[in-house]
Amino acid sequence: MHAQTSRPSANSSTSSVSTTASSAATPPSALPPTPDYDSWPVAVAIAEVTSDSRVLTVTWQDGRVSRYHSVWLRENAADDSTINPATRERILDLSCLEAWPQIAAARLDDSGAVELIMSPEQRTLRFHPGWLRAHDYDNCEDPLAPLVAVETWLGGADAAPDTLDASTFSTTAIDSPEEASTLEPALESLLRKGLVRLRGLPTEPGTLARVAERIGPVRATNFGTLFDVRAKPDPDSNAYTSIALPPHVDLPTREYHPGLQCLHCLENSVAGGQAVMLDGFAVADALRQEDPEAFSTLTQVHWRYANTAKTTDYVWHSPMIVLDDQGQLSEVRIADFLRGPLMTDFDLVEEAYRALMALQGLLRQSRFALRFTYAPGDLVIFDNRRLLHARDAFEGDSGHRWLQGCYLERDEVRSRYRMLQRRQRERSLSDA
Ligand SMILES: [Fe+2]
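Residues numbered from 1 in each chain as written. Predicted model: local features only at pLDDT ≥ 70, side-chain atom pairs only at ≥ 80, totals over all residues. Heavy atoms only, no water.

The next thing to look at is the domain arrangement of the chain. You can read the domains of the chain as domain 1 (17-143) and domain 2 (163-420). Inter-centroid distance (C-alpha atoms) of domain 1 to domain 2 is 45 Å. (Domains from an automatic or database assignment.)

Here it is, written out as structure tokens:
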């Protein structure tokens, strides 16, 4: 990792080539393309470039120094020997080059871009300064950091979901600034807290599909693309009754359980049926603090998740708490009514159940529960691999309770959020 340094002297001993921008009388040339469809404003210009055969060193006008390997630059060039200009996908196979790519010459051109001559190809490549700055791996503290920092939360009497007025959202133009003014904070809440509530949407059946598709494609399951959550005869899920539902994620019986769940309230006039949400990451963190052995057990024992419906037979085995390869919480699979018989080592069974009961004890604590009542027009979107949702029992004869639901994937939230940021950069460039 580089510390920031002052501008190097012109006779730096590591410099085989060192050139600053010339004061050409002709108009500056345009900045080169980038190997993507994104926009990269030049917030900080390059002051100077130096290189040896294997490393380009860029000194920025704010004093930052960034190093880039010749092989990395060769692979990430934007010319048509490296990417297909029609798709911006790479066509270069590095192993087909005659030799390891080296920098024969480096200079800053009159547009402020870096121009390299690569050997042995004798190929001239140009690099956009905004793109180089955005991909400065030499000064990147955590390239795997999430788009938005995860923030765990507790419930309690005063807790409420992040809530946005969406009364005009469903009529805004796709990709418009008006759409972004609701969608961007909504997706940010989803990425940060795993939960957001939009209020004031129309209550026509099917509205959910049109709203959800503004984030990304809806994931179909054996419950359909849009499913109706209401008491019905001959139910194929406890969700389709009026009984209370304990805290759970949906579809842990799948290898890849849905990353996102949307529930849109069309009607709610029943007595009871209050919704409850818990941050599964906050519960898992509390278990890690209070009972590290139980936490460890639940990250290792593979439980059996099984669907017992009449016409489908989904089964998957997974730990109840899943960590990523950095040791960070990645997902929880908690749904007591969707677990089959535990099939694990004989000697692990009692500790597995002890750990499960420690977790269940936490789930009953009111400090984790965020409670609210759905109003018609509410759309609650939550991370189904992080949050647990539950429901109080309701009196089926006291009125009507009708939610429509659907699933999407976490990927769609991240992609849409990046696209909103890209559109914002494009607008700031066109306004400049
Ligand atoms: Fe559910």
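Below, the discussion takes up the nonpolar core. Ranked by size, the top nonpolar core spans 31 residues in total, and within it L287, L298, W303, M320 and L359 carry the most contacts. Within the residue set of this core, elements represented by two or more residues are β15 (275-279), α5 (280-290), α6 (292-298), β16 (303-306), β19 (329-332), α7 (349-363) and β22 (387-391). In this view, L287 contacts P292, A294, F295, L298, I321, A358, L359 and L362; residues no more than four positions away in its chain are not counted. In terms of nonpolar packing, the next biggest core, distinct from the first, is built from 26 residues, A166, L187, L190 and L198 among them. (Core = buried A, V, L, I, M, F, W, Y, C linked by side-chain atoms within 4.5 Å. Buried < 20%, exposed > 50% of the residue type's maximum accessible area, 1.4 Å probe, protein only. Helix = DSSP H or I, 4+ residues; strand = E, 2+ residues; numbered from the N terminus. Contact = heavy atoms within 4.5 Å.)

One way to say it: the disulfide is the covalent bond shared by the sulfur atoms of two cysteines. Inspection of every chain in the model, using the stated rule, returns zero disulfides. As a non-bridged cysteine, C265 has C262 as the owner of its nearest cysteine sulfur, 14 Å distant. Take C265: its relative accessible area is 0%, and that puts it in the buried class. (Disulfide = S-S within 2.5 Å.)

This brings us to the sheet that holds β15. Each strand in a sheet pairs with its neighbour through backbone hydrogen bonds, running either in the same direction (parallel) or in the opposite one (antiparallel). Taken together, the four strands give an open sheet; going across it, the order is β13-β22-β15-β20, and neighbouring strands pair in antiparallel fashion. One side of each edge strand has no neighbouring strand; the edge strands of this open sheet are β13 (245-248) and β20 (370-372). For this sheet the average axis-to-axis angle between neighbouring strands, irrespective of direction, equals 15°. Bridging between β13 and β22 involves two bridges; their strand directions are antiparallel. Directly across from H248, in β22, lies its bridge partner H389. Along the sheet, α5 contacts β15 and β22; its crossing angle with β15, the most-contacted strand, is approximately 50°. (Pairing = 2+ DSSP bridges. Axes fitted to C-alpha atoms, helices over the stretch in contact; angles between N-to-C directions.)

Strands sit in the order β10-β11-β21-β14-β23-β12 across an open sheet of six strands; the sheet is mixed. The open sheet has two free edges, formed respectively by β10 (163-165) and β12 (227-229), since each of these has just one partner strand. For this sheet, the mean angle separating the axes of adjacent strands, direction not counted, is 25°. Bridging between strand β14 (residues 260-268) and strand β21 (residues 379-383) involves five bridges; their strand directions are antiparallel. Bridge pairing in β21 links L260 to D383. In the packing of helix α3 (residues 177-193) onto the sheet, the strands contacted are β10, β11 (195-199), β14 and β21, and the crossing angle to β11 comes to about 150°.

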